[in-house]
Amino acid sequence: MTHPTFAEAHRAIEEEETSCEALVSSFLETIDEKNDALNAFTAVDDEGALNHARYLDSQRERGNARPLSGLVLAVKDNICIRSFPVTCGSKMLEEFSSLYDATAIQRLREAGAVFIGKTNCDEFAMGSSNETSHFGPVKNPVAPDHVPGGSSGGSAAAVRAGMCHAALGSDTGGSVRQPAAFCGTVGLKPTYGRVSRYGLVAFASSLDCIGPMANSVEDAALLLETIAGADPNDATSADVDVPAYREALDGGVDGLRVGLPKEYFTEGLDPDIERMVRAQVETLSDAGATVKEVSLPHTEYGIATYYVLATAEASSNLARYDGIRYGFRADLQETKDDIRERRAELKKELSAARSNGNDERAADLRTELDEQQSVLDALYTRTRTQGFGDEVKRRIMLGTYALSAGYYDDYYEKAQRVRTLIRNDFDRAFEEVDVLVTPTTPTPAFCLGEKTDDPLEMYLNDVYTVTANLAGVPGLTVPIGTHPGDPPLPVGMQLLGRHFDESLLFRVGQVVEDQVADDERRAEPDRR
Amino acid sequence: MSVTREEVRRIADLARLHFSDDEEEQMTDELDDIVSYVDKLNELDTSGVPPMSHVLDVTDVDRPDEVEARIDREQALENAPDADGSYFRVPRVIE
């Protein structure tokens, strides 16, 4: 498996060894060859991508080369690209196509990137295995009976399988970092507000972030540099200067204070992953970093807090899918017939109950008759019942429960208070250290179907990633080698930093990437 | 606290979702599992801790309210499940 990077492509284009068109053609061939098995893409724009590449080549010939000419990107199917479908992995939006570019897309387009297609994901980004997609699961390119992780599983698989240089994903509770770790790619969840959410289909608005996935730290840094920055179309985007992230890459770690949060190295963590992470930390220490143990005492409350807040926001955000203005709409005639049948049934039962003198039953039936939904309400209900999959329904239910009268204080507001405690944990830790190092996931990729019967078990897989979203801090996952189990699966290490300190994460990430490459060269000298 | 089938029915109604009897039973069990897990938040004393709804300290962000040409009527109706050329078409609300 090759791991193409834009940095290499850029060099090759500059030296006229290749062209944008040749790069796109070669990725299209790889997609053609592998996508049937992996199911990473929901849409591939062969012709559009080739035309765009030819245009960029002709512009280059005229001396109008763009900074990212030759960058071939895959984009998660919950991010809008004008005139592309944006399905969100849902039947609800199967026929929907976007009228505009997301701000991140617009900035990449202006810089000369080519969008080769849209990638499969968990339905409305809700899932940790890419198994909730209406379009079927994505397979892990490293081991096809294993999940690629989720929800940005298609993007991770596409990058790992060499179907593009890099990809965009979205991360609400780990949806960039966990699949990146499971597939062996680099993945960044930026600081909340670092990248505009305009054009990202909303899941949980106070947590959602668009983030890059790539085969190198450098490419991830380049992508962030392009997409970051304030945007008048997203009032929650931050008006904070965007540094030249790539210039930070060579800074090294000498004198850096690295923290190991002890709550991340406890029961439930795979011992081989723990060993591999600690070995990397050892090497950081050899390179001049000081390492100390720190505490994030509320870590164990992260999942509970996350699943209350994220589902509450989701239940509200997904209220818009009613089948009226866009998206799937259930059959109107069937809806009407259903109401009519049910009404006739109720009336029959009511008269039977009355003639039997069963007053209680009669009163219940009368109430149900009176409360029967209007045709419009019934159409909403039927549309949503048929348009959403099980996991989305479960989360809408949980979120509606947490927001409903009588439970709001106990669940929603309680979780908001615990969120403050979790953020305070990070603030305190970052007084003592500059960067936190943790495993990205407690285990390597699991098997397809292994956790689908137990939603709670699936949620617990996000234990190391959700807190960064709750606190809003950036998190970068970098591949640190192969798990010794069978089959050998990728392992990721997570770096967490202060708000808007992505530069430091890239700097440390670059050191880790170099270390891992050295280790691999030493382990297999013959392959050089 | 445990989740009951009546509650699931009430919540489903609020969320405009419908479940068959079997689905309703399964949803009750699953929500009960998750809600029982979430109850662990009650181990924490949060009195005096302010609730957090947003990461960044930004409030009342505004921009000039200027009319821009973005999408026209035709485009707005492109994704509609039912439209008559000028409007979204919906079922009659008053029978």
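Predicted model only: the values in this text are computed from it and were never measured.

Before going further, it helps to spend a moment on the overall build of chain A. When helices and strands are tallied, chain A shows 17 helices and eleven strands. Projected onto its principal axes, the C-alpha coordinates of chain A cover approximately 90 × 55 × 45 Å. Across the 528 residues in chain A, those meeting the buried criterion constitute 62%. Considering only residue pairs separated by 6 or more positions, chain A has 77% of its internal contacts joining residues 24 or more positions apart. In the structure as shown, chain A presents an accessible area of about 19300 Å², 44% of it carried by carbon and sulfur atoms.

Bringing helix 11 (residues 359-370) of chain A into the picture now. In this model helix 11 of chain A runs 16 Å from its N-terminal to its C-terminal C-alpha over twelve residues, within 8% of the 16 Å that 1.5 Å per residue would give. In the core, the buried residues of helix 11 of chain A are packed alongside helix 10 (332-355) of chain A.

The subject of this paragraph is the nonpolar core. Of all hydrophobic cores here, the largest spans 132 residues; its most connected members are Phe-124, Phe-426 and Phe-506 of chain A. Those residues in contact with Phe-426 of chain A, other than ones at most four positions away along the chain, are Tyr-264, Leu-296, Leu-436, Thr-467, Ala-471, Val-473 and Leu-496 of chain A.

Accessible area lost upon the coming together of the parts serves often as the stated size of an interface. If you look at the interface, chain B gives 54 residues, while chain A gives 69 residues. Broken down residue by residue, the surface that chain B buries against chain A is led by Arg-16, Met-52 and Asn-79 of chain B, which jointly contribute 13%. Inspection of the chain B/chain A interface yields four salt bridges. Between Glu-300 of chain A and Lys-40 of chain B there is a salt bridge; the shortest N-O distance is 2.9 Å. Across the chain B-chain A interface, the total number found is 21 residue pairs in polar contact (both at pLDDT 80 or more). Within the residue set of the side of chain B that touches chain A, elements represented by two or more residues are helix 1 (5-14), helix 2 (21-38) and helix 3 (73-78) of chain B. Sort the elements by how many residues they give to the side of chain B that touches chain A and helix 2 of chain B lands first, with eight residues. Class assignment of the residues belonging to the side of chain B that touches chain A gives a composition of 31 nonpolar, seven polar and 16 charged.

Once that is clear, we can look at the sheet that holds strand 5 (residues 186-189) of chain A. Residue and element names in this part refer to chain A. Pairing within the open sheet is mixed, and its eleven strands lie in the order 1-3-2-4-6-5-10-11-9-7-8. Sheet topology places strand 1 (41-44) and strand 8 (290-294) at the edges, where each strand pairs with a single neighbour. Averaged over all adjacent pairs, the angle separating strand axes in this sheet is 30°, with direction ignored. Of the pairings in the sheet, the one linking strand 9 (residues 435-439) to strand 11 (residues 490-496) comprises four bridges and is antiparallel in character. The residue bridging Pro-439 from the neighbouring strand is Met-493, located in strand 11. In the packing of helix 5 (residues 153-160) onto the sheet, the strands contacted are strand 1, strand 2 (72-76), strand 3 (114-119), strand 4 (166-171), strand 6 (209-214) and strand 11, and the crossing angle to strand 4 comes to about 155°. Contacts from helix 7 (residues 217-227) reach strand 2, strand 4, strand 5, strand 6 and strand 10 (475-482), with the element oriented near 150° to strand 6.

Here the focus is the confidence of the model for chain B. Caution applies to low-pLDDT parts of the model: their predicted coordinates are not meant to be read in detail. Residues with a pLDDT of 70 or more make up 97% of chain B, whose mean pLDDT is 91. Listed scores for the predicted complex are pTM 0.96 and ipTM 0.95.

Here we take up the packing of aromatic side chains. Each aromatic ring pair is characterised by the separation of its centres together with the angle its planes make. Residues and elements named next belong to chain A. Within this structure, the stated rule accounts for 16 aromatic pairs over all chains. A network of ring pairs unites the aromatic residues Phe-96, Phe-124, Tyr-321, Tyr-326 and Phe-388 as a single cluster. Over the ring of Phe-328 we find Lys-91; its NZ or CZ atom is 4.8 Å from the centre of that ring. Lying across the ring of Phe-265, Arg-278 places its NZ or CZ 4.6 Å from the centre.

All names here are of chain A. Of all six residues making up strand 6, six are buried, and the element is well covered by its neighbours. Summarising the sheet, strand 4 and strand 6 pair through six bridges and their orientation is antiparallel. Counted as the bridge partner of Leu-168 is Pro-212 from strand 6. Relative to strand 6, strand 5 runs antiparallel, the two sharing two bridges. Looking at the pairing, Val-186 lines up with Ala-214 of strand 6.

Joining two cysteines, a disulfide is a covalent bond between their sulfur atoms. All names here are of chain A. Under the definition given, this model contains zero disulfides over all chains. Cysteine Cys-20 is unpaired, with the sulfur of Cys-164 as its nearest cysteine sulfur at 15 Å. With no disulfide partner, Cys-88 has as its closest neighbouring cysteine sulfur the one in Cys-121, 6.2 Å distant. Judged by its relative accessible area of 1%, Cys-88 is buried.

Take the side chain of Arg-384 of chain A next. Structurally, Arg-384 of chain A is set in helix 12 (residues 375-387). When residues no more than four places from it in sequence are discounted, the contact partners of Arg-384 of chain A are Met-92, Leu-318, Ala-319, Tyr-321, Lys-393 and Ile-396 of chain A together with Ala-15, Arg-16 and Leu-17 of chain B.

Turning next to the pairing of strand 3 of chain A. Residues and elements named next belong to chain A. The element strand 3 is extensively covered by neighbouring structure, given that six of its six residues are classed as buried. Pairing between strand 1 and strand 3: three bridges, direction antiparallel. Along strand 3, the bridge assignment pairs Val-44 with Gly-117. Taken together, strand 2, helix 4 (residues 103-110) and strand 3 form a β-α-β motif whose crossover is right-handed.

All names here are of chain A. Of all the positions in helix 1 (residues 6-14), only Phe-6, Ala-9, Ala-12 and Ile-13 are classed as buried. Seen from one end, helix 1 has its buried residues packed into an arc of 120°, which puts them on one side. The secondary structure elements touched by the buried residues of helix 1 are helix 2 (20-38), helix 3 (46-61) and helix 7. Immediately beyond the C-terminal end of helix 1, within one or two residues, lies Glu-16, with a positive phi of roughly 55°.

Before going further, it helps to examine the packing of helix 13 (residues 390-403) of chain A against helix 14 (residues 408-432) of chain A. All names here are of chain A. Between helix 13 and helix 14, whose axes approach to 6 Å, the crossing angle comes to 105°. By the angle between their axes, helix 13 is roughly perpendicular relative to helix 14. Every residue of helix 14 that contacts helix 13 at Tyr-401, Ala-402 and Leu-403 is listed here: Tyr-408, Tyr-411 and Tyr-412. The residue makeup of the contact of helix 13 with helix 14, split by class, is six nonpolar, no polar and no charged.

Scoring rules and cut-offs
- Residues numbered from 1 in each chain as written.
- Chains lettered and ligands numbered in written order.
- Predicted model: local features only at pLDDT ≥ 70, side-chain atom pairs only at ≥ 80, totals over all residues.
- Heavy atoms only, no water.
- Helix = DSSP H or I, 4+ residues; strand = E, 2+ residues; numbered from the N terminus.
- Buried < 20%, exposed > 50% of the residue type's maximum accessible area, 1.4 Å probe, protein only.
- Contact = heavy atoms within 4.5 Å.
- Areas by Shrake-Rupley, 256 points an atom, 1.4 Å probe, with all protein chains shown as cover.
- Expected span 1.5 Å × (residues − 1).
- Core = buried A, V, L, I, M, F, W, Y, C linked by side-chain atoms within 4.5 Å.
- Buried area = accessible area lost by both parts, 1.4 Å probe.
- Salt bridge = Lys/Arg side-chain N within 4 Å of Asp/Glu carboxyl O.
- Polar contact = N/O pair within 3.5 Å; in protein donor to acceptor, adjacent residues only side chain to side chain.
- Nonpolar A, V, L, I, M, F, W, Y, C, P; charged D, E, K, R; others polar.
- Pairing = 2+ DSSP bridges.
- Axes fitted to C-alpha atoms, helices over the stretch in contact; angles between N-to-C directions.
- pLDDT = per-residue confidence, 0-100.
- Phe/Tyr/Trp six-rings, centres within 6.5 Å; stacked < 30°, edge-to-face > 60°.
- Lys NZ or Arg CZ within 6 Å of the ring centre and 35° of its normal.
- Disulfide = S-S within 2.5 Å.
- Right-handed = clockwise from strand over helix to strand, strands pointing away.
- Arc of directions from axis to C-beta.
- Parallel < 35°, antiparallel > 145°, perpendicular 65-115°, else oblique.

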